[in-house]
Amino acid sequence: MSRIITLRDALREAMSEEMRRDPNVFLMGEEVAQYNGAYKVSKGMLDEFGPKRVIDTPIAELGFAGIGVGAAMNGLRPIIEFMTWNFAVLAFDQIVNNAAKTLSQSSGEFGCPIVFRGPSGAAGQLAQQHSQTFESWLGNCPGLKVISCIDPYDSKGLMKSAIRDDNPVCFMESESYYGLQGEVPEEEYLIEIGKAVIRRSGTDITIVSFNKMMEVIKQAAVELEKEGISAEIIDLRTIRPMDYDTVIQSVKKTNRLIVVDESWPFAGISAELAYVVQKRAFDYLDAPVARVNSADTSLGYAPTMVNEYLPNASRVVKCAKELMYLVK
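Here is a short report on the structure shown in this document. Not measured: the values here are computed from a predicted model. Residues take numbers from 1 onward in each chain, read along the sequence in its written order. Given that this is a predicted model, residues contribute local features only at a pLDDT of at least 70 and side-chain atom pairs are listed and counted only at 80 or more, while totals for whole chains, interfaces and linings are drawn from all residues. Side-chain figures throughout are based on the complete set of non-hydrogen atoms in the structure, without hydrogens or water.

### Topic: the nonpolar core
Inference 1: By size, the foremost hydrophobic cluster in this structure holds 43 residues, and its most contacted members are F82, W85, I95, F116 and L138.
Inference 2: For this core, the elements supplying multiple residues, two or more each, are strand 2 (25-29), helix 3 (61-73), helix 4 (92-98), strand 7 (169-173), helix 9 (244-254), strand 13 (257-261) and helix 10 (269-280).
Inference 3: Looking at this core element by element, the count peaks at five residues for helix 3.
Inference 4: The contact definition used throughout considers only heavy atoms, calling two residues in contact when any of these lie within 4.5 Å. If sequence neighbours within four positions are ignored, I95 has contacts with F82, W85, A88, A100, F116, L138, L144 and C170.
Inference 5: Formed by 33 residues, the second largest nonpolar core is a distinct cluster that contains I5, L27, V32 and V184. Here, the term nonpolar core denotes a set of buried Ala, Val, Leu, Ile, Met, Phe, Trp, Tyr and Cys residues that are joined through side-chain atoms within 4.5 Å. Buried means the residue's accessible area, taken with a 1.4 Å probe over protein chains only, is under 20% of the maximum for its type, while exposed means over 50%, and partly exposed covers the values in between. For the purposes of this entry, the term helix denotes a DSSP run of H or I that reaches at least four residues, the term strand denotes a run of E that reaches at least two, and both are numbered from the N terminus.

Quick look at the structure:
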């Protein structure tokens, strides 16, 4: 049996189910308890699990991330919520220098099973310091797994897998899409970390993205279909480890690739995929790999600047037509 629930509900269900299953799992972060979470993801969890397992913290990301890392090194399984990944920059020393390196620095003697989670990317008019996208930052660090999705079904299954994983996992959500609805089974399920999914089959061009840019490329695919262009849509879901094989197999069929990535173009996820595809599938390409990124600058506050900054469906459609040699 399945029912329609929101992304926030799917995440809450995943955390609650894992906390019921394993008493070593706990949630910690700013406003997660008494306020029911800044985005109401943890609504009702304090009532069920109590203040020892749903813990409000001061506004001190470095501090509570460090507590979480220490707890994970001693056998617990913390879930650390950041109100936004922009604030997690303050805790990067704990994430990058401690959590990611615990297993290797201990020669495999002990690990750091911890989930860092919260929204990444732009969310309306939040200006330069609160609108950054962190998947490529974190994906660049060996030792971290990075998940980035907004589909409720995927988010629940991947969150449960992340909590059970013995490695540190960075779980990237979207402030704009916590209310996104999707069909989620009532029975328990897990989704393997590191597997992309084909959202829409196509024959003419492959378009790859993740997180809220999936909504952009779905819109683009509908517009392209009206003009006789069949787009195959792939949702990466996991940034590291990345499922190159699913993308390569699609490109071998369609012979064209667009990567849509909300992050800045320099050294981003789109650059990584473009390199791997040209290396492993060069002979199958009928056009250069194309990228649609956010502008290579900080995001301003004005709504007109937000619209110009972010990738949108019309930019993706134009890019696809260029790769099909329909426009110059």
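### Considering the packing of helix 1 (residues 7-21) against helix 7 (residues 152-164)
Inference 1: It is at 8 Å that the axes of helix 1 and helix 7 come closest, and there the two elements cross at 30°. Judged by the inter-axis angle, helix 1 sits roughly parallel to helix 7. You can see that helix 1 and helix 7 cross each other, and the crossing is right-handed. In this structure, helix 1 contributes L7, A10, L11, E13, A14, M15, E17, E18 and R21 to the contact, and helix 7 contributes P152, S155, K156, M159, K160, I163 and R164.
Inference 2: For this classification, Asp, Glu, Lys and Arg are treated as charged, while Ala, Val, Leu, Ile, Met, Phe, Trp, Tyr, Cys and Pro are nonpolar and the rest, including Gly, are polar. Per-class residue counts for the contact of helix 1 with helix 7 are eight nonpolar, one polar and seven charged. Lines fitted to C-alpha atoms define the axes, with helix axes restricted to the stretch in contact, and inter-axis angles between N-to-C directions lie between 0 and 180 degrees. Convention used here: angles under 35 degrees read as roughly parallel, angles over 145 as roughly antiparallel, angles from 65 to 115 as roughly perpendicular, and any remaining angle as oblique. Here is the rule for handedness: rotate from the far helix to the near one, and if that takes an anticlockwise turn smaller than a right angle the crossing is left-handed, while a clockwise turn gives right-handed.

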